[in-house]
Amino acid sequence: MTSLLVACGGGGSGGSSNPLGNPATVSNPVNTGGQKLSFVYFQQCINPILLAQLPALQGGGFTNSCAGAGCHDTVTGAGGALRVVPGAQPVDMSDPANTPAVIRTSDMYKNYYSAQGAVVVGSSTQSRLLAKPLLLVQHGGGQIFASLSDANAARIAYWINNPMPRGQDEFSAAASSMFSPPDPLTGACNPP
């Protein structure tokens, strides 16, 4: 099985600082709504997708995670602005010691922050976090999701399209409705 490391350009590209040929500056349009995406939904439903071994649908069937070396790993990644700490530990949201200030210093929050930076809140198809693995725009890692009907793509789209209410932060209790039953501790991620 060929490694995604080769597709991501991490297989020794001769010292080039941009082996994928990505544009020097990659940015989404400015989000003027000020809304945040749910941290708890990210932690339970999106971060696992970034760590999962997913097959690429084009380029020879290689398999790796988004957080794989040479792709979006925070230390060795060469794949654009998205950076993932592969060993980020889940934050116990029920522990009162885990205040927003404490959570914002965690590796899991770093992953959340980086992923949210690749998102246009409320517009999943304009968000690089989804547009790249759908191959709607250039992605050195190839096409990962065949369509929005892929379960992982659907969860990412759901997260992007369901921000927290205006004026509430990423830790809002409103995120409970993103789970079935509506409880982040016991519920399953919507959509199933």
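Figured I'd write up the structure that's included with this text. (Residues numbered from 1 in each chain as written. Predicted model: local features only at pLDDT ≥ 70, side-chain atom pairs only at ≥ 80, totals over all residues. Heavy atoms only, no water.)

1. Topic: the packing of helix α2 (residues 39-51) against helix α6 (residues 151-161)
Packed helix pairs are characterised by how far apart their axes lie and by the angle those axes make with each other.
Then, in step 1: The N-to-C vectors of α2 and α6 enclose an angle of 145 degrees; their axes lie 10 Å apart at closest approach. The hand of the α2/α6 crossing is left-handed. In this structure, α2 uses Tyr41, Phe42, Cys45, Ile46 and Ile49 to contact α6, whose residues at the interface are Asn152, Arg155, Ile156, Tyr158 and Trp159.
Then, in step 2: The residue inventory of the contact of α2 with α6, partitioned by class, reads eight nonpolar, one polar and one charged. (Axes fitted to C-alpha atoms, helices over the stretch in contact; angles between N-to-C directions. Helix = DSSP H or I, 4+ residues; strand = E, 2+ residues; numbered from the N terminus. Left-handed = near helix turned anticlockwise from the far one by under 90°. Contact = heavy atoms within 4.5 Å. Nonpolar A, V, L, I, M, F, W, Y, C, P; charged D, E, K, R; others polar.)

2. Observations regarding the nonpolar core
Then, in step 1: The biggest cluster of nonpolar side chains holds 40 residues, and the ones touching the most others in it are Leu129, Phe145 and Trp159.
Then, in step 2: In terms of residues, this core owes the most to one element, α2, which gives eight residues.
Then, in step 3: Once you skip the residues sitting within four places of it in the chain, Trp159 turns out to touch Leu37, Ser38, Tyr41, Phe42, Ile46, Tyr112, Ala115, Gln116, Val119, Leu129 and Met178. (Core = buried A, V, L, I, M, F, W, Y, C linked by side-chain atoms within 4.5 Å. Buried < 20%, exposed > 50% of the residue type's maximum accessible area, 1.4 Å probe, protein only.)

3. A look at the packing of α2 against helix α4 (residues 107-116)
Then, in step 1: Running from N to C, α2 and α4 cross one another at 90 degrees; their axes reach a closest spacing of 10 Å. The orientation of α2 relative to α4 falls into the category roughly perpendicular. Of the residues in α4, those touching α2 at Phe39, Phe42, Gln43 and Asn47 are Met108, Tyr109, Asn111, Tyr112 and Ala115.
Then, in step 2: Tallied by class, residues from the contact of α2 with α4 come to six nonpolar, three polar and no charged. (Parallel < 35°, antiparallel > 145°, perpendicular 65-115°, else oblique.)

4. Digging into α6
The periodicity of an α-helix, 3.6 residues per turn, causes residues three or four places apart in sequence to face the same way.
Then, in step 1: Inspection of α6 places Ala153, Ile156, Ala157, Trp159 and Ile160 among the buried residues, and these make up the whole buried set. Here the buried residues of α6 occupy an arc of 160 degrees about the axis, which is enough to place them on one side.
Then, in step 2: Those residues of α6 hidden inside the fold are in contact with α2, α4 and α5 (128-131).
Then, in step 3: In this structure Asp150 caps α6, since a side-chain oxygen of it lies 2.8 Å from the backbone nitrogen of Asn152. (Arc of directions from axis to C-beta. Polar contact = N/O pair within 3.5 Å; in protein donor to acceptor, adjacent residues only side chain to side chain.)

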